[in-house]
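Results of the structural survey
Spelled out from the first residue to the last, the chains are:
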Amino acid sequence: MTARKPSRKSSRKTAGLPVEVPAEAPVETPAEAAVETPAEAAVDVAAAPAPAATTAKAATAERARPRRADAGPPRPRRAADGQGAARPAPALDGADRGRLLAGDHHAPHDVLGAHPVPGGVLVRALRPFARSVTVVATGLRAELHDDGDGFFAGVLPVPEAPAYRLEVTYDDTTVEVEDPYRFWPAIGELDLHLIGEGRHEELWRALGAEPMEHQGVAGTRFTLWAPNARGVRITGDFTYWNGTGFPMRSLGSTGVWELFLPGVGEGALYKYDICRPDGSHTVRADPMARRAEVPPATASIVTASHHRWQDADWMAHRGDRPVHEAPFSVYEVHLSSWRPGLTYRQLAEQLPAYVKDLGFTHVELMPVSEHPFGGSWGYQVTGFYAPTSRMGTPDDFRFLIDALHRAGIGVIMDWVPAHFPRDDWALAEFDGRPLYEHSDPQRAAHPDWGTLEFDYGRTEVRNFLVANATYWCEEFHIDGLRVDAVASMLYLDYSREDGQWSPNEFGGRENLDAVAFLQEMNATVYRRNPGVVTIAEESTAWDGVTRPTDGGGLGFGLKWNMGWMHDSLQYVAKEPIHRKYHHNEMTFSMVYAYSENYVLPISHDEVVHGKQALVTKMPGDWWQQRANHRAYLGFMWAHPGKQLLFMGQEFAQGAEWSEGHGPDWWLLDPSYGASDDHRGVRTLVGDLNAVYGAVPALWQRDTVPEGFSWVDGGAAEDNVFAFLRYDADGSPLLAVSHFSPAVRSDYRLGVPETGAEGWVEVLNTDAARYGGGDVRNEEPLKAEAVPAHGRPCSISLTLPPLATVWFRPA
């Protein structure tokens, strides 16, 4: 690092207070340049490892005499006849001295700070680059002796430790600061006990950087779990990234390290300088950081929330109806590319209105946890507790969620507990040994993405992830977690060949640790957060994904139906003349439709990397592609299960999605000649959601067989699928999808007896307003006493080409 000299008496702000920076200090200027800010009141002194008693009279006198933050050094009364002069202190043990300088001391408070000794109180400070250090207290001013290497020490001729501060002088600057080594630990015994057991459900309140007032002094408590470390120091912009002066103390067998730094406040940048077991050092971002720098910068940022939530009504009622018995239509969004360049607060002005206009009940946000590489779309997380800073602060993100809630829109967030990247400033071998990842290299390495898998069998790691799940729900009011890549967690042989994996204790391929973790996560989230839903992206036939944990299931609320997605997309990609040979690909989903509680996803994964956008998957000319696209959406919205559609597909974008530029909004610009084609599809999506939300038959009995009945699932020659949906009262909706380009007149379908008024169209994807040919069934269709499809009554209707039509009893 190249040294530089700040301007003479330059100043900067930390925790809202001006701090003098020594003018001649190199880059490795000591920490107090920013940390050591004059406080308004003195506090009790600490004698390591715990504070010594302080006289109430002295403390009261100091508190009664507040000083301005920009005032110069205090002018205490000097003791008569030289009383108060510090005597030389006994020489510091060589081992302690070496370990403090090397950054591998586990108990710096035993050496630094104030300690009672025969004949007085020994005060020792480690202040690199300082010219002198003076102890300042009421009635006392005693300069400490320079012991070299940044150590200053002396014995004060007082019976007990006074309420003191340190006056630190550099070449041409003097600052008065609090001594971090006179403070008790700022984390409680219960917190440490729960961390040790891996049961701290609010882990973010115990670990990380927490701005607070401790022993009457404002500052930040830093706590870190690093059980393999020989020593840990705090480094940051307030130390010019030299951590020598701020070693942390180990709090016993928990593996937690702690230090309270007075004067450090919100906005400070920091990392941890960790001494590995082999004596080498690594500088790491905080795994528990609630805010991070904008990538590619990697420092953690001290932060606290000041957002005032305005969604109390939403939060109180979001759980009134179980999600599997409620309308649930999801718009999937990659935030940073939906409207590129918008901040969270700017998104709050546009996204809720757009989603509400289209009638979606929820948005699903692709991972917003901090990640270094934008091309990962957020799926390679380095900051599990920090919303990405690319679009603003954590409170800005809260503002966006608040705005969505006030618009009546739920927020689901993609959550990625399956793996993490190998960046050397993040989680990989965090304290010099495998910690968050499994110790077995074969178990740790994720074969598909070059990342590392979490060690779900380690209680502290499981706690880190379980607490993270509830953190997003409680701190950000998230309404649902869509858990990414569940299948890769469940199987020991996932993407591995023979010899690359070892069976579990029962000889099976199931990852029992991952199963236990997912069960604990789901049980904890549902217990603590009423109304929240968890959703599994699970691509196999694992039994019981959405079965409750007390019944042996994983405990998710919903599961993505990857089989339906794959089969149905394969069907519609065929030329209509060939579809009759693939008819079962559209009907097979009903064989297992009630084995789990399903979401039908057309997600980002299906419109990238050569898979083409949804409309472009369709065969035929542009008119037929759009017609197929509309018919498919009509089939999807009527099929049992909830719906999810990725951004851009709601207006039939023809190009694949790219995180670099997002959806092609210009297709909707009236100046574009074909804009009506795209606007028509978007209008259809809005109408699908409107009818869907108003007709309980389409969502109320999604997860029970009584909510569905085939009318004709075998009309392969006609490319027709006809079925009935029922609500809890038995009221039906008839859905007919016709995937042939021909018009079929007088097409007869068996229907339930519903009275004399007949059946009326409630939605037709061939309507002119959607860009179709407007082949309609204008009048109510009377049910005739003509048996068909096993029913005594039937209707005769006209089927538009490449269209889905919904009917309800008049």
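See the structure printed just above.
Here we summarise the structure given alongside this text. No experiment lies behind these values; they were computed from the predicted model shown.

**Structural notes on the sheet that holds strand E11 (residues 208-214)**
The four strands are arranged E11-E12-E15-E14 in an open sheet whose pairing can be described as antiparallel. The open sheet has two edge strands, E11 and strand E14 (249-250), and neither has a second partner. Of the strand pairs in this sheet, E11 and strand E12 (residues 217-225) are connected by seven bridges, and their pairing is antiparallel. The partner of glutamate 213 across the bridge, within E12, is alanine 218.

**What about the packing of aromatic side chains?**
All told, the structure shown has 46 aromatic pairs when counted by the stated rule. Their ring planes at 45° and their centres at 5.9 Å tell us that tyrosine 331 and tyrosine 354 sit as a pair that is tilted. Placement of tyrosine 331 in strand E19 (residues 329-333) and of tyrosine 354 in helix H7 (residues 344-358) is noted, with a sequence separation of 23 residues between them. Pair check on accessibility: tyrosine 331 and tyrosine 354 agree, each one buried. On the numbers, 5.6 Å between centres and 75° between planes, the contact of tyrosine 471 with phenylalanine 476 is edge-to-face.

**What about helix H17 (residues 622-638)?**
Taking 1.5 Å as the rise per residue, H17 with 17 residues should run 24 Å; its terminal C-alpha atoms sit 25 Å apart, in good agreement. Where burial is concerned, most of H17 is hidden: 14 out of the 17 residues are buried. Its side-chain oxygen at 3.2 Å from the backbone nitrogen of tryptophan 623, aspartate 621 defines the N-terminal cap of H17.

**Here's the deal with unusual backbone geometry**
Following proline 295, the chain continues to proline 296 via a peptide bond in cis, the omega torsion being 15°. Counting through the fold element by element, proline 296 comes out in the loop between strand E17 (281-284) and strand E18 (300-301). One non-glycine residue, serine 495, lies in the positive phi region at around 55°. Within the secondary structure, serine 495 is located in the loop between helix H11 (486-490) and helix H12 (512-528). Residue classification places serine 495 among the partly exposed residues on the basis of a relative accessible area of 38%. Even without being glycine, aspartate 774 reaches a positive phi, approximately 65°.

**Thoughts on the packing of helix H13 (residues 562-572) against H17**
Direction vectors running N to C along H13 and H17 enclose 150°, while the axes themselves pass 12 Å from each other. Compared by their axis directions, H13 and H17 come out roughly antiparallel. Seen along the crossing, H13 lies across H17 with a hand that is right-handed. Contacts between H13 and H17 pair Trp564, Ser568, Leu569 and Val572 from the former with Tyr632, Phe635 and Met636 from the latter. Its residues placed into classes, the contact of H13 with H17 shows six nonpolar, one polar and no charged.

**Notes on empty space enclosed by the protein**
The tally for this structure, following the rule as stated, stands at five cavities of 30 Å³ or more. Estimates place the volume of the second largest cavity at around 90 Å³. The wall of the second largest cavity is formed by Ile195, Leu203, Leu207, Leu224, Trp225, Asp286, Pro287, Met288, Tyr436, Glu460, Asn463 and Phe464. Contributing elements (two or more residues each) for the lining of the second largest cavity: E12 and helix H10 (459-475). Among the elements that make up the lining of the second largest cavity, the one with the highest residue count is H10 (three residues). Of the residues assigned to the lining of the second largest cavity, the class counts are nine nonpolar, one polar and two charged.

Cut-off values and rules
- Residues numbered from 1 in each chain as written.
- Predicted model: local features only at pLDDT ≥ 70, side-chain atom pairs only at ≥ 80, totals over all residues.
- Heavy atoms only, no water.
- Pairing = 2+ DSSP bridges.
- Helix = DSSP H or I, 4+ residues; strand = E, 2+ residues; numbered from the N terminus.
- Phe/Tyr/Trp six-rings, centres within 6.5 Å; stacked < 30°, edge-to-face > 60°.
- Buried < 20%, exposed > 50% of the residue type's maximum accessible area, 1.4 Å probe, protein only.
- Expected span 1.5 Å × (residues − 1).
- Polar contact = N/O pair within 3.5 Å; in protein donor to acceptor, adjacent residues only side chain to side chain.
- Axes fitted to C-alpha atoms, helices over the stretch in contact; angles between N-to-C directions.
- Parallel < 35°, antiparallel > 145°, perpendicular 65-115°, else oblique.
- Left-handed = near helix turned anticlockwise from the far one by under 90°.
- Contact = heavy atoms within 4.5 Å.
- Nonpolar A, V, L, I, M, F, W, Y, C, P; charged D, E, K, R; others polar.
- 1 Å grid on protein atoms, 1.4 Å probe; cavity = no way out; pocket = protein on both sides within 12 Å on 5 of 7 lines; lining within 4 Å.
- Points joined across faces, edges and corners; volume = space filled by probe spheres on them.

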